[in-house]
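Residue-level structural notes
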Amino acid sequence: MKKNDAVKSVRFGMRSLLLLLAMALPGLAQSQISLYGKTDTRDYKNPGNADASDATYTLAPAGSRSDIAGIYGGNAFAFTASGGTATASDNRVTVRYFENKNASPAQITAGHADSSEKTAFANNNAATVENSSWTNVFGGYASTTDGSYVEANNNTVTLRNLTKGLTVYGGAVRGNPDSNAFTTGSANGNTVTIIDGNVQYIIGGNLANGHGTATHNTITLEGNITIVSKLIGGEHLHEDYWLIHGSTPGGAAAPGTYCLDCFTGNTLNLNGVKNLNIGAETIEGGLSTGYLANFATMQFYLSPHIANNETILNINGFANIDQTTINLDIWGGQDLTRLRNGDVIKLIYAGKKMEGTVKLGKLTAQGATLRYHFAVYQEGNTLWARLESASPRGMELRSSILVYHQPLSGIAAQASVLAGYNCDVFQILLDVESGYTDLALLESTVASNAKHTYSDRIDASASMFSYTLYGAEPVKTFTLGQFLGGAATDNIGTATLFGYCFSTRADARGLFYDGAGTCHLSGGSTLSCSGAPTTPLW
């Protein structure tokens, strides 16, 4: 046996001995248990790859417990002298109504993969935790002792009413702090959604002790939320330092730029929240400073109830917003009833320092009846949004109907109908190619037979004809057929027609009924109709 192999065997033997002692001596183990959907452990006696994937574990309703140390969807360990890959992917764990009474936090992890020599993968896992307390939550967690590559990508964490949460990670990867063991790692594409809760750290993607990326992670916050310390899109840790966008908070010197990219594509969505405090209370070691960093995009969905000079993000510490794109919209599509032109909102206030310069993205927000335009600017440690104007919604083209060479019938039951619903302006352009047609007009709350007929018959010798309906009624129709006299006949001519629906409402639509069982929709699609529509078909 080689010297290194002998050392590894001793190390793994000691790990096994410690595990046995923990199970045998209640004083060491403190009667703690871990719960698994699936687990696979490989060691020097049982070498190979460990795979704990495609498992589901649900603990609900859990109640108050002090005996749980960890809850896992999938748990894979590959501690082998010859090396092995650990995989814990595509797992699901759900925990509801779990009140942790233990002095130490419980760890809830959807997919956990740990390898000593080779690679570890914890991808596409999902953790859902509701109405619970005193927990660390990971979507995916992958680590290695002396390996070369780890992944925790595309994991999902959904939290609701986390009354006392600690660390929350979408995806996290770890190397050996003594050797920077993994050369490459990724914590990319993870999603964290929190609706009402009190948490310590929220990290989209986290790297520790090695090189790698933490990109395209998304954090969405909604409701009443308090964050004790950090809100980070992509984070790199090395011993006592953590990097933010190529620097360290407070000017501390880092041992090197190990994060290849912890910024690109990371997004923070703020869904109607306001007065969200970061660094709001003291935690271990007296730390009460908050950090916001490494978001390429911040989407502020403004609460309809936000008022002049109110704050959305209040940070008792540092905010790094360098090259972050700021977008504004309105949560729920409602009007901002408490804001007037010239009013201001504190998007971000940093109590100690605001670093960098933002980029301006979408600054026009659409409410129910008004369109709002904001100016965003920085002054010292504050990022402001000022309401520049609030004007009625502009009309847009919502649908267009194009019908070529349509046969026209003089039989009432076979009349053709161009109909619009919720169109502020509904317009027909008509070219009679052969024969003739009459045109009946309707503006009403519902489609009916009560119509006003245009005074003149339109025949093939006429130039292209145009007519516009713009009343307040939601239903507007043009009916083509024979209404000004003459014997009923099946074919009175052909026509090409165009229908345009302009509206301030996104649900405005138009259609054309051909009189023979087919309705033509915007974009060229069709559907079967039993007759001329008496109510909207869309």
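Residues numbered from 1 in each chain as written. Predicted model: local features only at pLDDT ≥ 70, side-chain atom pairs only at ≥ 80, totals over all residues. Heavy atoms only, no water.

**What about the overall build of the protein?**
Regarding its fold elements, the protein presents two helices and 45 strands. Counting across all 538 residues of the protein, residues that qualify as buried make up 51%. Taking the intrachain contacts of the protein between residues at least 6 apart in sequence as the baseline, contacts between residues at least 24 apart amount to 79%. Roughly 22400 Å² of accessible area belongs to the protein as shown, and the carbon and sulfur atoms make up 50% of that amount. (Helix = DSSP H or I, 4+ residues; strand = E, 2+ residues; numbered from the N terminus. Buried < 20%, exposed > 50% of the residue type's maximum accessible area, 1.4 Å probe, protein only. Contact = heavy atoms within 4.5 Å. Areas by Shrake-Rupley, 256 points an atom, 1.4 Å probe, with all protein chains shown as cover.)

**Observations concerning the confidence of the model for the protein**
Taken residue by residue, the protein gives an average pLDDT of 83. The fraction at 70 or more is 83%. Mean pLDDT values over the elements of the protein span from 34, in helix α2 (residues 26–29), up to 97, in strand β22 (residues 267–271). Per-residue pLDDT stays below 50 along residues 1–30; that stretch engages in 19 contacts with residues further than four places along the chain or on separate chains. Taken as a whole, residues 239–257 scores under 50 in pLDDT and shows 40 contacts with residues more than four places along the chain or in a different chain. (pLDDT = per-residue confidence, 0-100.)

**Side note on the pattern of salt bridges**
Applying the stated criterion across every chain, the model contains 14 salt bridges. Among the ionic pairs, arginine 42 bridges to aspartate 40, the shortest N-O distance being 3.3 Å. Among the salt bridges present, the one from lysine 274 reaches glutamate 310, with a minimum N-O distance of 3.1 Å. Remark: glutamate 310 occurs in the loop between β25 (297–302) and β26 (311–315) and lysine 274 occurs in the loop between β22 and β23 (276–278); sequence separation between them is 36 residues. Each of Arg96, Glu130 and Arg160 takes part in one network of salt bridges that share partners. (Salt bridge = Lys/Arg side-chain N within 4 Å of Asp/Glu carboxyl O.)

**Looking at the state of the cysteines**
Per the stated rule, a full pass over the model turns up two disulfides. In this model, cysteine 423 is linked to cysteine 501 through a disulfide, with the two sulfur atoms separated by 2.0 Å. Taking the sign of the S-S torsion, about -105 degrees here, the bridge from cysteine 423 to cysteine 501 comes out left-handed. Within this pair, whereas cysteine 423 is found in the loop between β36 (416–421) and β37 (425–444), its partner cysteine 501 is found in strand β42 (residues 493–503), the two being separated by 78 residues in sequence. Residues cysteine 423 and cysteine 501 agree in their burial class; the two are buried. (Disulfide = S-S within 2.5 Å.)

**Quick notes on the packing of aromatic side chains**
Evaluation of the coordinates by the stated rule reveals twelve aromatic pairs. Ring geometry for tyrosine 454 versus phenylalanine 465: centroids 5.0 Å apart, planes at 65 degrees, classification edge-to-face. Taken together, the positions of tyrosine 454 in the loop between β38 (452–453) and β39 (458–459) and phenylalanine 465 in strand β40 (residues 465–469) put the pair eleven residues apart, joining distant regions of the chain. Judged by centre distance (6.4 Å) and plane angle (15 degrees), the rings of phenylalanine 465 and tyrosine 467 are stacked. The rings of Phe426, Tyr454, Phe465, Tyr467 and Phe478 are connected pair by pair, giving a single aromatic cluster. (Phe/Tyr/Trp six-rings, centres within 6.5 Å; stacked < 30°, edge-to-face > 60°.)

**As for the side chain of threonine 109**
As for its placement among the helices and strands, threonine 109 is situated in strand β9 (residues 106–115). With relative accessibility at 0%, the residue threonine 109 sits in the buried group. Engagement of the side chain of threonine 109 in a polar contact is seen with the side chain of glutamine 107, the distance being 3.2 Å. (Polar contact = N/O pair within 3.5 Å; in protein donor to acceptor, adjacent residues only side chain to side chain.)

**Quick notes on the pairing of strand β5 (residues 68–78)**
Where burial is concerned, most of β5 is hidden: ten out of the eleven residues are buried. Where strand β1 (residues 33–42) lies against β5, nine bridges are found, and the strand directions are parallel. Looking at the pairing, aspartate 40 lines up with alanine 76 of β5. Pairing between β5 and β9: eight bridges, direction parallel. Bridging across to β9, alanine 76 finds its partner in alanine 113. (Pairing = 2+ DSSP bridges.)

**With respect to unusual backbone geometry**
Cis geometry marks the peptide bond from alanine 60 to proline 61, where omega comes out at -10 degrees. Within the secondary structure, proline 61 is located in the loop between β3 (56–59) and β4 (63–65). The backbone of tyrosine 97 sits at a positive phi, close to 55 degrees, despite the residue not being glycine. Assignment of secondary structure puts tyrosine 97 in the loop between β7 (92–96) and β8 (98–100).

**Re the environment of glycine 471**
Following the sequence through the fold, glycine 471 ends up in the loop between β40 and β41 (475–481). Taking the relative accessible area as the measure of exposure, glycine 471 reaches 26% and is therefore partly exposed. Residues in contact with glycine 471, not counting those within four places in the same chain, are Asp424, Glu443 and Lys476.

**Regarding the side chain of histidine 112**
Tracing the sequence through the fold places histidine 112 in strand β9. A polar atom in the side chain of histidine 112 sits 2.9 Å from the side chain of asparagine 75. With residues near it in sequence (within four places) discarded, histidine 112 still touches Tyr72, Gly74, Asn75, Ala76, Phe77, Ala88 and Tyr141.

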